[in-house]
Amino acid sequence: MNSADQRELKKHVGKEAVKHVKDGMVLGLGSGTTIKYMVDALSERIKNEGLDIIGVPTSNKTKRYAESLGITTKDVDKVDHIDLTIDGADQIDKNFQGIKGGGAAHLMEKIVAINSDRNMWIVDESKMVKKLNYPLPLEVIPYGSGQLYRRLNRMGLHPKFRQSGHGGKLTTDSGDYIIDLGLPEITTPVQLGEKLDSMTGIVEHGLFLNIVNTIIVEHADGPETIEAR
Ligand SMILES: O=C[C@H](O)[C@H](O)[C@H](O)COP(=O)(O)O
């Protein structure tokens, strides 16, 4: 799929997702390019229908963008519940396990996701795969990250520090680094997730396991809604 086609699918699925938004909702707002289109469509609905929506952003970028369109936002700690979170994903396998964090936002995204009553992912069809093989992001504490990198390397996990566009290591909204694991295929995501959870210095990995409830996949001929759980 070329990038112009993918952009169109992302735009369509963003519009499709906001049909599920109801007046009065506290809505988790994911991060990434697909979510930017969703936020555009959401602001249109808010303006046209006068909906009362509070957005809980999962990155500084999403917060700035949503507010620039007049959407009210609140920090995750300032709401007592989140009805629904709509987010993108980098890949989803046949068991609806996902990888997120291609945009370095997976730590905040996971915090918002686990505090949400329901989670919806919106993706173009290229992201649905049999087995996960997208570089797996780890958000890591800068202190000791060189040692952690060497440990991951010795474990054969093909680590690579993510670089920023301006040279040097990329830092997340929380001031951490990202190490991507270039695994050829993730055959046992649950076991890998548990292993990574147990390693000191890793704040959060990008495996989102048993989290999503609904997936909207955009195909060239229209959207497909899958109830995952
Ligand atoms: O860190 C970024 C997020 O997990 C995104 O939701 C994910 O990378 C998908 O992004 P996009 O919609 O830009 O492909």
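Residues numbered from 1 in each chain as written. Predicted model: local features only at pLDDT ≥ 70, side-chain atom pairs only at ≥ 80, totals over all residues. Heavy atoms only, no water.

Quick word on the overall build of the protein
Stage number 1. Secondary structure summary: the protein contains six helices and 14 strands in total.
Stage number 2. Radius of gyration (C-alpha) of the protein: 17 Å, near the 17 Å computed for a compact globule of 229 residues.
Stage number 3. Along the first, second and third principal axes, the C-alpha atoms of the protein reach 55 × 35 × 35 Å.
Stage number 4. In the protein, which comprises 229 residues, the share counted as buried stands at 50%.
Stage number 5. Total accessible area on the protein stands at roughly 11,300 Å², and carbon and sulfur atoms take up 48% of it.
Stage number 6. Within the protein, the 32 negative side-chain charges are centred at a point lying 6 Å from the centre of the 29 positive side-chain charges. (Helix = DSSP H or I, 4+ residues; strand = E, 2+ residues; numbered from the N terminus. Rg over C-alpha atoms; globule rule 2.2 N^0.38 Å. Buried < 20%, exposed > 50% of the residue type's maximum accessible area, 1.4 Å probe, protein only. Areas by Shrake-Rupley, 256 points an atom, 1.4 Å probe, with all protein chains shown as cover. Lys, Arg positive; Asp, Glu negative; His and termini not counted. Charge placed at Lys NZ, Arg CZ, Asp CG, Glu CD.)

Structural notes on the UniProt feature "active site" (unreviewed entry) in the protein
Stage number 1. The feature "active site" (unreviewed entry), as given by UniProt, occupies Glu109 in the numbering adopted here.
Stage number 2. Relative to the elements of secondary structure, Glu109 occurs in helix H4 (residues 106–114).
Stage number 3. Note on Glu109: relative accessible area 3%, which makes it buried.
Stage number 4. Discounting residues that sit within four places of it in the chain, Glu109 has contacts with Gly30, Ser31, Thr58, Asp87, Lys100, Gly101 and Phe208. (UniProt positions renumbered as here; feature names shortened; annotations may be inferred. Contact = heavy atoms within 4.5 Å.)

Here's the deal with the pairing of strand S7 (residues 116–124)
Stage number 1. The buried count for S7 comes to seven of nine residues, which makes it a mostly enclosed element.
Stage number 2. Of the pairings in the sheet, the one linking strand S4 (residues 82–87) to S7 comprises five bridges and is parallel in character. Its bridge partner being in S7, Ile82 is matched across the sheet by Ser116.
Stage number 3. In this sheet, strand S13 (residues 214–219) lies alongside S7 in parallel orientation, the contact comprising five bridges. Bridging across to S13, Ile122 finds its partner in Ile216. (Pairing = 2+ DSSP bridges.)

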